[in-house]
Amino acid sequence: MRTRIKICGLTREQDVDAAVSAGVDAIGFVFYPKSRRCLTPTRAAQLRRMVPAFVDVVALFVNPGQDEVQAVLDEVGPELLQFHGDETPLECARYGHRFLRAFRVGAPGMDTAESLASTCRAYGEASGWLFDSYSAGYGGSGHGFDYALLDEVRADPVSRPLILSGGLNAENVGQAVQRVRPWAVDVSSGVEVEQGIKSSDRISFFVAAAHDADTK
């Protein structure tokens, strides 16, 4: 199976070009006001017009209001929504749009393999479950987590496609892919020179390392 690749937190035209040229499957735009990678719907729509067919655009939110999400749906037209905060299953599904649900592995109530799997099951309508590390913020910390905590999720017969995030970079993504065999990997800070500023070389190296792991 080929591991899909998403580059998240893009803010510049040249970074969109670099991700697309490297062959990624999806790019992510952040709509969380506390993030340095945050975009307005208008700015995201400008970048979205650069994205060719067969590359998905994912809109990331953290505990948003309904109007915020609807504005992005109307102006940007993402293929997927990604909920990265404390959103309930109802709050994720209310837009009638495909969505990813992110889980902060190691957070209270998600700090054992059993409790994490139990939390995930409530989000059976999600198109994928994304696993990031627990930190004071919501994603983009650059920290990893113990992949053994995913063992119950992976074995669960109702599990959704698993997307691995948290602390990934070109040096460790290959080992992560071989250990977890996820549906996709998602990276942000691991291909940056500073928050919101990606490196075309780091993107290329990351994509090559992930694809190389698929053959091993």
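Quick note: structure is the one above.
Anyway, here's the lowdown on the structure attached to this text. Along each chain, residue indices are assigned from 1 in the same order as the chain's sequence is written. Under the rules for a predicted model, residues below a pLDDT of 70 receive no local features and side-chain atom pairs below 80 are neither given nor counted, while totals for whole chains, interfaces and linings still include all residues. Values shown for side chains rest on all heavy atoms present in the structure; no hydrogens or waters enter the calculation.

### Notes on the side chain of Lys198
Argument step 1. Secondary structure elements follow DSSP: runs of H or I no shorter than four residues count as helices, runs of E no shorter than two count as strands, and numbering proceeds from the N terminus. Structurally, Lys198 is set in strand β10 (residues 197-198).
Argument step 2. Apart from the residues within four sequence positions on either side, Lys198 is in contact with Ile7, Cys8, Gly9, Leu10, Arg12, Asp15, Arg37, Ser188, Val191, Glu192 and Ile203. Note on definitions: a residue-residue contact is assigned when non-hydrogen atoms from the two residues lie within 4.5 Å.

### Some words on the packing of aromatic side chains
Argument step 1. A pair of aromatic rings is counted whenever rings of Phe, Tyr or Trp (Trp by its six-membered ring) have centres within 6.5 Å, and the orientation is called stacked for planes under 30 degrees apart, edge-to-face for over 60 and tilted otherwise. The final tally for this structure, using the stated rule, is eight aromatic pairs.
Argument step 2. Between Phe31 and Phe61 the ring centres are 5.5 Å apart and the planes differ by 25°, which places this aromatic pair in the stacked class. Taken together, the positions of Phe31 in the loop between β2 (26-30) and α2 (41-48) and Phe61 in strand β3 (residues 56-61) put the pair 30 residues apart, joining distant regions of the chain.
Argument step 3. Here the aromatic cluster, defined as three or more aromatic residues joined through ring pairs, consists of Phe31, Phe61, Phe83, Tyr95 and Phe99.
Argument step 4. In this analysis the charged atom, NZ for Lys or CZ for Arg, is taken to sit over a ring once it is within 6 Å of the ring centre and within 35 degrees of the ring normal. Sitting above the plane of the Trp183 ring, Arg4 keeps its charged end 4.0 Å from the centroid.
Argument step 5. Above the ring of Tyr123, the side-chain terminus of Arg101 is found at 4.7 Å from the ring centroid.

### Describing the sheet that holds strand β5 (residues 99-105)
Strands belonging to one sheet form pairs held by backbone hydrogen bonds; the direction of such a pair is parallel or antiparallel.
Argument step 1. Pairing in this closed barrel of eight strands is parallel, and the strands run β1-β2-β3-β4-β5-β6-β7-β8 around the ring. Geometrically, the sheet is characterised by an average inter-axis angle of 25° between neighbouring strands, direction not taken into account.
Argument step 2. Note on geometry: axes are C-alpha line fits, over the in-contact stretch for helices, and angles between N-to-C directions span 0 to 180 degrees. Here helix α8 (residues 200-214) sits on the sheet in contact with β1 (4-8) and β8 (184-187), set at roughly 155° to β1. Pairing between two strands requires that DSSP report at least two bridges joining them.

### Thoughts on the nonpolar core
In globular proteins that are soluble, nonpolar side chains generally tend to be buried together.
Argument step 1. Formed by 59 residues in total, the largest nonpolar core has its most connected members in Ile27, Phe131 and Leu164.
Argument step 2. No other element matches the six residues that α8 contributes to this core.
Argument step 3. Discounting residues that sit within four places of it in the chain, Leu164 has contacts with Phe131, Phe145, Tyr147, Leu150, Ala176, Val180, Pro182, Ala184, Val185 and Asp186.
Argument step 4. Ranked by size, the runner-up nonpolar core spans eight residues in total, among them Ala26, Val58, Ala102 and Ile163. The nonpolar core is taken to be a set of buried Ala, Val, Leu, Ile, Met, Phe, Trp, Tyr and Cys residues, with the residues joined through side-chain atoms within 4.5 Å. Buried residues are those whose accessible area, probed at 1.4 Å on protein chains only, stays under 20% of the maximum for their type, while exposed residues exceed 50% and partly exposed ones sit between those limits.

Limitation: the analysis is restricted to geometry and does not speak to function.
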